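What the coordinates show
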Amino acid sequence: AQKITQTQPGMFVQEKEAVTLDCTYDTSDQSYGLFWYKQPSSGEMIFLIYQGSYDEQNATEGRYSLNFQKARKSANLVISASQLGDSAMYFCAMRDQPSGGSYIPTFGRGTSLIVHP
Amino acid sequence: DTAVSQTPKYLVTQMGNDKSIKCEQNLGHDTMYWYKQDSKKFLKIMFSYNNKELIINETVPNRFSPKSPDKAHLNLHINSLELGDSAVYFCASSQGQGSGANVLTFGAGSRLTVL
């Protein structure tokens, strides 16, 4: 079973609108970290936002916020006021400790976001 | 000054050849990683080193051999290259390896094309 599931291969949004990118995860650990990264067409991986499993508040970083619903095991990324430069692949990732071994950062398959003018 | 630098950025080679990709980080991080990104953009972890010690070794053909001479460097050597090895290889580093906010900082990627 996939540890990180991103069900939306592609999303479209109008400039200045908000968009939610879905992410669900699977872990039996109590302590884990959730991350979102952006990969523009130029190829680099850019860290956006982090949420710890014990954090009670949803993480926010500028126009990015993470809608963390622990019971549902979801960590959706919300981008407010979309800009043309937000067009990119977005990856959800989790760092947990399978079988009590090393912490492994695992990535979802990504969502391609296109922002229309 | 680039935080995580990989060389070369592009590598085109013939099947059967041996090649290396080098990675260096100047962030003082303890943990380094190699990821492979395939043509469908799937990022799969290959290896991880913590303070020069191998801590993650996913199911990767033994033609791939990582080497960490010190905690700032993690190189990837690939023997007997195959067509399926064509991908973008990302090096990354993080301060620690726990579940905390140990953000991965990625290099720019090395695009390997095997002909």
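All of these numbers come straight from a predicted model, not from anything done at the bench.

1. A short note on the overall build of chain A
- For chain A, the helix and strand inventory stands at zero helices and twelve strands.
- Ordered by position from N to C terminus, the α and β elements of chain A give β-β-β-β-β-β-β-β-β-β-β-β.
- The dimensions of chain A, computed from C-alpha atoms along their principal axes, are 45 × 30 × 20 Å.
- For chain A, buried positions account for 49% of its 117 residues.
- Of all intrachain contacts in chain A linking residues separated by at least 6 positions in sequence, the fraction that spans at least 24 positions is 54%.
- Of the roughly 5,500 Å² that chain A leaves accessible, carbon and sulfur atoms contribute 48%.
- Averaging the locations of the 9 positively and 11 negatively charged side chains of chain A gives two centres separated by 3 Å.

2. Concerning the sheet that holds strand S7 (residues 64-70) of chain B
Residues and elements named next belong to chain B.
- Spatially, S1-S3-S8-S7 is the arrangement adopted by the four strands of the open sheet, whose pairing is antiparallel. Two strands bound the open sheet, and with one partner strand each, they are strand S1 (4-7) and S7. Taken over all neighbouring pairs, the strand axes of this sheet differ in orientation by 15 degrees on average, direction set aside.
- The sheet contact formed by S7 and strand S8 (residues 73-78) spans five bridges and is antiparallel. Bridge pairing in S8 places Asp70 opposite His73.

3. Comments concerning the packing of aromatic side chains
All names here are of chain A.
- Enumeration according to the criterion identifies 14 aromatic pairs over all chains in this entry.
- On the basis of an interplanar angle of 65 degrees and a centroid distance of 6.4 Å, the ring pair of Phe35 and Phe47 is categorised as edge-to-face. Of this pair, Phe35 sits in strand S5 (residues 33-39) while Phe47 is found in strand S6 (residues 46-52), placing the two residues twelve residues apart along the sequence.
- With a centroid separation of 5.0 Å and 50 degrees between ring planes, the pair formed by Phe35 and Tyr50 is classed as tilted. A residue pair is termed long-range when its members are at least 10 positions apart, and Phe35 in strand S5 and Tyr50 in strand S6 qualify at 15 residues.
- Owing to a relative accessible area of 3%, Phe35 belongs among the buried residues under this scheme.
- The buried category is assigned to Tyr50, whose relative accessible area is 18%.

4. A short note on the interface of chain A and chain B
- Counting residues at the interface gives 20 residues for chain A, matched by 22 residues for chain B.
- At the boundary of chain A with chain B, total buried surface from both sides reaches about 1,800 Å², with 60% on carbon and sulfur atoms.
- For the interface between chain A and chain B, the tally reads four residue pairs in polar contact (both at pLDDT 80 or more).
- Of all the secondary structure elements, the ones that give two or more residues to the side of chain A that touches chain B are S5, S6, strand S10 (88-96) and strand S11 (104-107) of chain A.
- Considering each element in turn, the side of chain A that touches chain B owes the most residues, four residues, to S5(A).
- Residues that form the side of chain A that touches chain B fall into these classes: twelve nonpolar, six polar and two charged.

Reading the values: rules and limits
- Residues numbered from 1 in each chain as written.
- Chains lettered and ligands numbered in written order.
- Predicted model: local features only at pLDDT ≥ 70, side-chain atom pairs only at ≥ 80, totals over all residues.
- Heavy atoms only, no water.
- Helix = DSSP H or I, 4+ residues; strand = E, 2+ residues; numbered from the N terminus.
- Buried < 20%, exposed > 50% of the residue type's maximum accessible area, 1.4 Å probe, protein only.
- Contact = heavy atoms within 4.5 Å.
- Areas by Shrake-Rupley, 256 points an atom, 1.4 Å probe, with all protein chains shown as cover.
- Lys, Arg positive; Asp, Glu negative; His and termini not counted.
- Charge placed at Lys NZ, Arg CZ, Asp CG, Glu CD.
- Pairing = 2+ DSSP bridges.
- Axes fitted to C-alpha atoms, helices over the stretch in contact; angles between N-to-C directions.
- Phe/Tyr/Trp six-rings, centres within 6.5 Å; stacked < 30°, edge-to-face > 60°.
- Buried area = accessible area lost by both parts, 1.4 Å probe.
- Polar contact = N/O pair within 3.5 Å; in protein donor to acceptor, adjacent residues only side chain to side chain.
- Nonpolar A, V, L, I, M, F, W, Y, C, P; charged D, E, K, R; others polar.

Remember, this is a structural readout, not a statement about activity or role.
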